[in-house]
Amino acid sequence: MSEYLLGIDNGSTMTKAALYALDGRELAVAARKVATIEPEPGVAERDANRLWDDAADAVAEVLGAAAIEPGDIAGVACSGHGNGLCLIDRNANPVRNNIYATDARAQSYIDRWFSDGTRERTFPKTAQRLWAGQPNALLAWARDHEPESIERAVAFQCVKDFIRSKLTGEIHVERTDMSGCSLINVVTGEYDDELLELFGIADLKHLLPPMLNTHDLAGKVTGEAAARTGLKAGTPVAGGMFDIDACALSSGIVDQRPMSVVAGTWGNNLYIARDPLVDPDLFMTTCYSMPGWYLMLEGSPTSAGNLEWFATEFLAAERDALERQGKSVFAFCSELVDSVTPEETTITFLPFLHGANAGDGVKSCLVGMQGHHRRAHVLRAIFEGIVFGHRTHLERLLNFRPPPEVIRLTGGAARSETWVQIFADCFQIPIEVPRVTEPGTLGAAMAAGIAAGCFASYEEAVTAMTAIARRQEPDPAKRDIYQQKYERYHEIIAALSRLG
């Protein structure tokens, strides 16, 4: 009897695979660090063949660790970060390195689309902001600067679509990912010739493959992929999903009542609704994995990646020593933060090391340090500043809906009870932490379960495979101190903005 589901998550920093029982229990997980190629400022690429090798190796490791029969896996699916550009040939082999979503080489196209009115004309259909790492701009750039790549390619894909094609030999894209690429009409969920004309890439329409839903059967594991991964040939493979959808499903988001916050490399803040929100003040509206639902997103790279940088640059010795003891440097950070109160910490941190959500000219900084401050004070400021970045996005979302009764938090920050309490106290909303360590893989596994017939619906899959690990209530006594700190945070941003 097939009783397991496999999810593969192709993230911004890690490629992960995890095996789940049908009740959501995680049996095994494996990960590989993603290497980014940055030969010059503004260029960010990944070796696509290595991405496939990493995914295949992670799957093989999971199967070995779980010690199950590959034939007991009912289905497989992938999730992944959105945007960027993956160009493949008819054998699903890359024709060049994948261009990553932070790449800026196509910025001149974005500048032109803003200045000539293209952005205003396309927005009612795309329902999202434009940036240089989206495939519409990157396709135009490749045609104009690398025509040989366009000539060799038969299709564009997002990264998780590429991994799925390596598993199945079938070439498709998937709707939730495509709805975040400014290449389809988000309201209808379909390709739109007028959009391609407006972006000046109608001549590249042949590179847009057939589009699948998250839970559609996309093909089956080929003999070649089976030999590479250890999976059984013929195992069903689902369409998969955008990683923000995977995180939402792993948090149990199947209606509009709760909101989801993902505090990882990116800070994603979202809710779902039956009607799409098309508003220039919102970062992005996309098609959700559940048919008939849309996902409204506010996000930026202003989240826990800032702490990762600090730990790498300033806590390397402590990290090495702790890892030798089987301990985490991030648990160590939480202990330090817990050793000082919010009232004791007068430092403000702007979490803009990798990008900003308050204007391009504002950079990361620590403001208000004095000689008596210790490492613990700096770390508390970093924890708080990241929460303030999330609150900025949350308040934008609350312009369009009432406050939720609860927020579901996933990502690295959710592992720290100290940090979760700061979220609750700053938001003054209860925070629930789902019982999941790798939400990208769990969301993908649920799609695999639907495609394989294990579940009849997303509601059934979520009920079976998700649970809440803990709930942390806000402390009303902390409302005023965090309100004062949050206001100071924005006063500092405003002052720095005036400086240019």
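Use the structure listed above.
Residues numbered from 1 in each chain as written. Predicted model: local features only at pLDDT ≥ 70, side-chain atom pairs only at ≥ 80, totals over all residues. Heavy atoms only, no water.

### A look at the overall build of the protein chain
A tally of helices and strands in the protein chain yields 18 helices and 24 strands. For the protein chain, the C-alpha radius of gyration of 22 Å lies close to 23 Å, the compact-globule estimate for 500 residues. The C-alpha extent of the protein chain, read off along each of the three principal axes, is 65 × 55 × 45 Å. The long-range fraction of contacts in the protein chain, counting pairs at least 24 apart against all pairs at least 6 apart in sequence, stands at 72%. Mean positive and mean negative side-chain charge positions of the protein chain (46 and 66 charges, respectively) differ by 2 Å. (Helix = DSSP H or I, 4+ residues; strand = E, 2+ residues; numbered from the N terminus. Rg over C-alpha atoms; globule rule 2.2 N^0.38 Å. Contact = heavy atoms within 4.5 Å. Lys, Arg positive; Asp, Glu negative; His and termini not counted. Charge placed at Lys NZ, Arg CZ, Asp CG, Glu CD.)

### Here we look at the pattern of salt bridges
Pairs may arise between side chains of opposite charge once their charged atoms sit close together. Inspection of every chain in the model, using the stated rule, returns 32 salt bridges. Put simply, aspartate 255 and arginine 257 hold a salt bridge, and the shortest N to O gap is 2.7 Å. A salt bridge links glutamate 384 to arginine 380; the shortest N-O distance between them is 3.2 Å. Linking glutamate 384 with arginine 380, this pair stays in helix α14 (residues 375–397), spanning four residues, or about one helical turn. Given the relative accessible area of 5%, arginine 380 is considered buried. It is possible to trace a salt-bridge network through shared partners that takes in Glu45, Arg96, Asp103, Arg105 and Glu146. (Salt bridge = Lys/Arg side-chain N within 4 Å of Asp/Glu carboxyl O. Buried < 20%, exposed > 50% of the residue type's maximum accessible area, 1.4 Å probe, protein only.)

### Notes on the side chain of lysine 166
Summarising the element assignment, lysine 166 is placed in helix α6 (residues 159–168). The buried charged residue lysine 166 lacks any salt bridge partner; its closest oppositely charged side chain belongs to glutamate 224, at an N-O distance of 5.9 Å. Non-local contacts of lysine 166, meaning those with residues more than four positions away in its chain, are made with Trp52, Ala92, Asn93, Thr222 and Ala225.

### Digging into the pairing of strand β1 (residues 4–10)
Among the seven residues that make up β1, seven are buried, leaving the element largely enclosed by the rest of the structure. Side chains Tyr4, Leu6, Ile8 and Asn10 project from β1 onto one buried face, and the interleaved Leu5, Gly7 and Asp9 project onto a second face that is buried too. In this sheet, strand β5 (residues 73–80) lies alongside β1 in parallel orientation, the contact comprising seven bridges. Looking at the pairing, aspartate 9 lines up with serine 79 of β5. (Pairing = 2+ DSSP bridges.)

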